[in-house]
Amino acid sequence: MRVLVLGAGVAGVSVAYHLWRDGHEVTVLDREAGPGQGSSFGNAGGLCPGFAGPWAAPGMPGKVLRMALQRHAPVRFSVRPDVERLLWVAKWLDQCKAARFRINKARMQRVAHYSMRCMQELIDHVPGLSFDYHSSGTLQLLETDQELELAHLASRTLDSFQVPWRMMGRDEAVALEPSLQAGDSTWKGALYLPGDASGDSSRFCTGLADYIASHGVSFHYGVSATRLVQAGGRLTGIEVTNAGQRERWEADACIVALGCQASALLSTVGLRIPVYPLKGYSITIPITDAEAAPRMAIMDEHNKIMLTRLGDRLRVAGMAELVGYDLTLHPDRTALLSKLTRRLLPRGLDFSAASPWAGLRPMTPDGPPILGATPLKGLYLNAGHGSNGWTQACGTGRLVADAVSGRPPAIDMDGLTAERFGMKAWA
Ligand SMILES: Cc1cc2nc3c(=O)[nH]c(=O)nc-3n(C[C@H](O)[C@H](O)[C@H](O)COP(=O)(O)OP(=O)(O)OC[C@H]3O[C@@H](n4cnc5c(N)ncnc54)[C@H](O)[C@@H]3O)c2cc1C
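Residues numbered from 1 in each chain as written. Predicted model: local features only at pLDDT ≥ 70, side-chain atom pairs only at ≥ 80, totals over all residues. Heavy atoms only, no water.

A. Broad picture of the overall build of the protein. Along its length, the protein carries ten helices and 20 strands. The dimensions of the protein, computed from C-alpha atoms along their principal axes, are 65 × 45 × 40 Å. The buried share among the 427 residues of the protein stands at 55%. For the protein, contacts bridging at least 24 residues in sequence account for 76% of all contacts bridging at least 6. With the model as given, the accessible surface of the protein reaches about 17,700 Å², and the carbon-plus-sulfur share is 53%. Distance between charge centres in the protein, computed from 44 positive and 40 negative side chains, equals 5 Å. (Helix = DSSP H or I, 4+ residues; strand = E, 2+ residues; numbered from the N terminus. Buried < 20%, exposed > 50% of the residue type's maximum accessible area, 1.4 Å probe, protein only. Contact = heavy atoms within 4.5 Å. Areas by Shrake-Rupley, 256 points an atom, 1.4 Å probe, with all protein chains shown as cover. Lys, Arg positive; Asp, Glu negative; His and termini not counted. Charge placed at Lys NZ, Arg CZ, Asp CG, Glu CD.)

Okay, structure coming up:
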């Protein structure tokens, strides 16, 4: 089959890899100059299936409001009226009930753990794929009694997925991760998840795209998808802008993997999915003293920032802003990331050479991604990866390729398709 993949982020490149392995003739396009330039560029780099869970959780609306009132709030939202945002927030509030949270968390865990298995297979299959992959676990630092209590509760879910974990006091955590010795942050204990990993998703996109391109997958950059084209209930192709020219590209199947832009393109054929951006920031800091830098990924739960070592760099990411599609890089936000990092890791980093970045998490209101067929024959989705897209990408790529190739998926797809938003797949 001739398959078009729209978007060369982690979602697009991963599905292209699996489609290529299934023997399809695959073409990938992206409006940027190369792969992994959107949300997949500067994310935290955490491959943390144990943390995969919805932002829609009991008590979360109150917590978000309280956080937004703090002086250096990790959470911000715009009060300007925006119908798309209001509709998304209404759906999100509805998902914050305890019963919904449990269902959504289980669905996200199902995808995330499956995805880690798929990533391992992919690493074994693609020779020399190098993306600063590191599998030495995550240490979640806990400061308040409430954070400690919530971590104990979360560990029960981890048991149900056979995820190894260990709760520990500050001394034991510092013995495990000595780089934390020098900091003056006031965390009390930690949850250690030895099975977690980290890696640079942008380098992953570049490396994997190069590999499949060398095996016949064709990549086109600087090409914007502007409209889906249908006839008689079937997708027949897409319209694109390529070097200022409007062109029509034909395909037997098309996968929308456009991150936060998926909803806009689907609306050109009257389909609606609730994917809305949640902005975040990161800084990438050169490591000047390898001995003083962390070995494992660190999640500072109190300040909601994640720190991962990517080779000779430290990536620090966090913040959540509901401000639409605006990608303005606000210096006060990245300065706050630097300040919080210095408190944890005062040594071995060249803060003066840190590179700042802002990106958008393509969020669904309930949390899980939206995968597979749509009402339009030949049109598939690999969208709504939210704050876990890097962790999920290898698995969701495989699941969408399963749908295209007519192979039964290895995991239950209940709650992972567009059907939960009232969009039936074609019969
Ligand atoms: C601050 C931050 C920290 C994060 N940390 C983590 C983490 O630690 N672990 C984790 O698992 N996830 C994390 N995430 C989430 C993760 O980065 C995303 O879920 C993931 O990158 C989404 O991948 P994607 O391929 O769907 O989207 P993108 O990477 O955005 O890819 C979409 C592509 O489509 C292209 N495109 C868009 N519109 C068009 C068009 N009309 N025509 C052609 N091309 C188009 C874009 O150029 C882009 O390349 C984080 C996100 C942020 C913002």
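B. How the structure looks around the site of the ligand. The environment of the ligand is made up of 35 residues, and the closest members are Asp30, Ser40, Gly46, Gly386 and Thr391. One of the backbone N or O atoms of Gly386 is found 2.7 Å from an oxygen atom in the ligand. Isolated, the ligand exposes 1,000 Å² of accessible area, and the fraction of that covered by the protein chains is 95%. Elements supplying a minimum of two residues to the shell around the ligand: α1 (10-21), β2 (25-30), β10 (223-231), β14 (276-286), β18 (355-363) and α10 (389-405). Looking at the shell around the ligand, the element that brings in the most residues is β18, giving four residues. Classifying every residue of the shell around the ligand gives twelve nonpolar, 19 polar and four charged. (Near = heavy atom within 4 Å. Polar contact = N/O pair within 3.5 Å; in protein donor to acceptor, adjacent residues only side chain to side chain. Nonpolar A, V, L, I, M, F, W, Y, C, P; charged D, E, K, R; others polar.)

C. Looking closely at the nonpolar core. Residues Leu19, Phe204 and Ile255 are the most contacted members of the largest nonpolar core, which totals 45 residues. When contributions to this core are tallied by element, the ones reaching two or more residues are β1 (2-6), α1, β2, α4 (98-125), α7 (201-213), β13 (253-256) and α10. If sequence neighbours within four positions are ignored, Leu19 has contacts with Val3, Val5, His24, Val26, Ile255, Ala401 and Val404. Counting 29 residues, the second-largest nonpolar core is a separate cluster that includes Val174, Val316, Met319 and Ala358. (Core = buried A, V, L, I, M, F, W, Y, C linked by side-chain atoms within 4.5 Å.)

D. Just the packing of α1 against α10, in detail. With their axes 8 Å apart at the nearest point, α1 and α10 run at an angle of 40° to one another. In terms of their interaxial angle, α1 and α10 are classed as oblique. Here α1 runs over α10; the crossing is right-handed. Contacts from Val10, Ala11, Ser14, Val15, His18 and Leu19 in α1 reach Gly389, Trp390, Ala393, Cys394, Gly397, Arg398, Val400, Ala401 and Val404 in α10. (Axes fitted to C-alpha atoms, helices over the stretch in contact; angles between N-to-C directions. Parallel < 35°, antiparallel > 145°, perpendicular 65-115°, else oblique. Left-handed = near helix turned anticlockwise from the far one by under 90°.)

E. Focus on helix α5 (residues 145-160). The end-to-end C-alpha separation of α5 is 24 Å, in line with the 22 Å expected for 16 residues at 1.5 Å each. For α5, every residue scored as buried is listed here: Glu147, Ala151, Ser155 and Leu158. For α5, the buried positions fall inside an angular range of 90° around the axis, keeping them on one side. Away from its buried face, by an angle of more than 90 degrees, α5 presents the exposed residues Asp145, Gln146, Glu149 and Arg156. (Expected span 1.5 Å × (residues − 1). Arc of directions from axis to C-beta.)

F. Structural context of the sheet that holds β1. Spatially, β9-β2-β1-β13-β20-β19 is the arrangement adopted by the six strands of the open sheet, whose pairing is mixed. If you trace the sheet from one side to the other, it starts and ends with β9 (218-221) and β19 (370-373), each paired once. Pairwise comparison of adjacent strand axes, ignoring direction, gives a mean angle of 20° for this sheet. This element, α1, spans β1, β2, β13 and β20 (379-383) of the sheet and lies at about 165° to β1. The sheet strands contacting α10 are β1, β13, β19 and β20, and the helix crosses β20 at an angle near 170°. (Pairing = 2+ DSSP bridges.)

G. Representation of the layout of surface pockets within the structure. As a volume, the second largest pocket reaches approximately 280 Å³. If you trace the second largest pocket, you find 14 residues lining it, with Glu84, Ser263, Arg272, Ile273 and Pro274 closest to the centre. Those elements giving two or more residues to the lining of the second largest pocket turn out to be α3 (83-94) and α8 (262-266). Looking at which element gives the most residues to the lining of the second largest pocket, the answer is α3, with four residues. When grouped by side-chain class, the residues that make up the lining of the second largest pocket number nine nonpolar, two polar and three charged. (1 Å grid on protein atoms, 1.4 Å probe; cavity = no way out; pocket = protein on both sides within 12 Å on 5 of 7 lines; lining within 4 Å. Points joined across faces, edges and corners; volume = space filled by probe spheres on them.)

H. Just the packing of α1 against α7, in detail. Packing of α1 against α7 brings their axes to within 9 Å, and their N-to-C directions diverge by 30°. Our classification of the angle between α1 and α7 gives roughly parallel. Handedness of the α1/α7 crossing: left-handed. Across from Val10, Val13, Ser14, Ala16, Tyr17 and Trp20 in α1, the residues of α7 making contact are Ser201, Phe204, Cys205, Leu208, Ala209, Tyr211 and Ile212.

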